[in-house]
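# Tertiary structure, described
Below are the chains, spelled out letter by letter.
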Amino acid sequence: MSTITAALGTDRVRWLRPALTVLVAAAVAVGAPFYFAPFQVFQLTMVLLYAVALSGLNLLTGFGGQISLGHGAFFAAGAYTAAVMLDRYDTGHLATLPAAAAGCFLLGLGFGVPALRLRGLYLALVTLSFAVFLPPLLKRLEAVTGGSMGLTVNKLQPPAWSGLAEDQWMYFVVLAVTVVALTLARNLLRSRVGRALLAVRDNESAAEIMGVRLSLHKTLAFAWSAMFAGVAGCLYTWVIGFVSPDSFSFVLSITLLAGLVVGGLGSLYGPLLGAAFVMYVPSVSQDVSEAAPGVVFGLLIITVMFVAPTGLAGLPARVLGAVARRPPRATAALDRTPEAESAPDAEPESQPLSGPSDTHTPADPAGADAEPVGAPPRTEKE
């Protein structure tokens, strides 16, 4: 009976810590827009939508093992899908979200085809080409995309019954979408699809022998990743209210990948930490050096990767591991008391068989030929 009670107590403690963590995080997230200034609330909103984009990239790169340098292009596709629907067709804001998600999912399926033949740097170059030629293409399609001038759309306005300001309402909408996206990514990784992605990342040959269809799961990884990026791009249009080709250069793709690596590849919390890095570090770099913010940004990335090679998400475990491996110096210092240092060394329990005993008299240096005491003197004849 005591064993059952102990087991139930252990399970209760095991579930209590995550529950308390979730409650504290929810309380902080809900109370944040009422505590911070409007610009700071805007920054938090951008962190959340970047977290949605990085969660999709984490599915593809962190868990799927496929490098993509064109994630910013999928982000731009979702943003322009929402902007065109709002500007040209005057649809509601909520209708643009599923349209951007579905359109980018199909676009990701198309770009998943090269992943069947290419891998590593070759696949990264193909995806980078998509991020490079998309902005000039958007400028050419001036009748639809507005060309270099871009498109200006209305932001999502709060309803009258909410009593919230525009920045607060937008924050809560993006927060709700982010929670749904992160929950979907978490459940996806714990399903058969997630286990198949991990198997493909670790060893493609072994995964194929075990019955994993490489073509299907590689293509689906690109599709899911593009869908998350498209949702984030749609939220970007809602928050900013303006899109232009220059906002989605290939630098955005590089920045997103760097943010994911800094946050932590293959970690469920890495996208959130990486999104905060993407949002705040460029601003800090600009404040530190207005002449060369890119140099400061690069140095910060190098510093973070030197301190936390597995990303910020793995830093706590790394610190705890270093503390656990540290020798107990305090205990050794307590053992070396003044009495112990002044005490004479203990005698050995046994003596070597070949060594002389301490109870015997020392041997005569004259050796065995020495005459005994009291013996008559020897003559020369003897």
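Please read all numbers here as calculations on a predicted model, not as lab measurements.

The rules we used
- Residues numbered from 1 in each chain as written.
- Predicted model: local features only at pLDDT ≥ 70, side-chain atom pairs only at ≥ 80, totals over all residues.
- Heavy atoms only, no water.
- Helix = DSSP H or I, 4+ residues; strand = E, 2+ residues; numbered from the N terminus.
- Buried < 20%, exposed > 50% of the residue type's maximum accessible area, 1.4 Å probe, protein only.
- Contact = heavy atoms within 4.5 Å.
- Areas by Shrake-Rupley, 256 points an atom, 1.4 Å probe, with all protein chains shown as cover.
- pLDDT = per-residue confidence, 0-100.
- Salt bridge = Lys/Arg side-chain N within 4 Å of Asp/Glu carboxyl O.
- Phe/Tyr/Trp six-rings, centres within 6.5 Å; stacked < 30°, edge-to-face > 60°.
- Core = buried A, V, L, I, M, F, W, Y, C linked by side-chain atoms within 4.5 Å.

## Regarding the overall build of the chain
From N to C terminus, the chain includes 17 helices and two strands. Among the 382 residues that make up the chain, the fraction classed as buried is 38%. For the chain, contacts bridging at least 24 residues in sequence account for 75% of all contacts bridging at least 6. Total accessible area on the chain stands at roughly 23,000 Å², and carbon and sulfur atoms take up 65% of it.

## Considerations on the environment of Leu59
Mapped onto the secondary structure, Leu59 falls in helix H2 (residues 38–63). Considering only alpha carbons, one finds Leu59 and Gly266, 207 residues apart in sequence, at a separation of 7.8 Å. Sequence-distant contacts of Leu59, that is, excluding residues within four places in its chain, are made with Gly64, Ala185, Leu188, Leu189, Leu197, Trp224 and Phe228.

## Notes on the confidence of the model for the chain
With 80% of its residues at a pLDDT of 70 or more, the chain has an overall mean of 79. The low-confidence segment residues 330–335 (pLDDT under 50) makes one contact with residues lying over four places distant or belonging to another chain. Segment residues 344–377: pLDDT under 50, and three contacts once partners within four positions in sequence are set aside and those in other chains are kept.

## What about the pattern of salt bridges?
Inspection of every chain in the model, using the stated rule, returns three salt bridges. A salt bridge links Asp87 to Arg88, with the nearest nitrogen and oxygen atoms 3.5 Å apart. Looking at Arg88, the relative accessible area reads 40%, which means it is partly exposed. A salt bridge links Glu166 to Lys155, with the nearest nitrogen and oxygen atoms 4.0 Å apart. Here Glu166 is found in helix H8 (residues 166–189), whereas its partner Lys155 is found in the loop between strand E1 (151–152) and H8, with 11 residues between them in sequence. The class of Lys155 is partly exposed, set by a relative accessible area of 33%.

## Here's the deal with the packing of aromatic side chains
According to the stated counting rule, one finds 15 aromatic pairs in the structure shown. Aromatic pair Phe34 and Phe172: ring centres 5.9 Å apart, planes at 45°, arrangement tilted. Of this pair, Phe34 sits in helix H1 (residues 2–35) while Phe172 sits in helix H8, and the two are 138 residues apart along the sequence. Residue classification places Phe34 among the exposed residues on the basis of a relative accessible area of 53%. Measuring from ring centre to ring centre gives 5.6 Å for Phe75 and Tyr236, while their planes differ by 65°; the resulting arrangement is edge-to-face. In this pair, Phe75 is assigned in helix H3 (residues 71–88) and Tyr236 in helix H11 (residues 214–240), connecting sequence segments 161 residues apart. Comparing Phe75 with Tyr236 shows no difference in burial state: the two are buried. Each residue in the set Tyr50, Phe75, Tyr80, Tyr236 and Phe248 is aromatic and connected to the rest through ring pairs, giving one cluster.

## Some words on the nonpolar core
Counting residues in hydrophobic clusters, the biggest one holds 76 residues, and the most contacted among them are Leu49, Tyr50, Phe75, Tyr236, Trp238, Val243 and Phe248. If you tally residues by element for this core, the top one is H2, at 14 residues. Ignoring any residue separated from it by four or fewer positions in sequence, one finds Phe248 in contact with Phe75, Ala76, Ala79, Tyr80, Pro135, Tyr236 and Val243.

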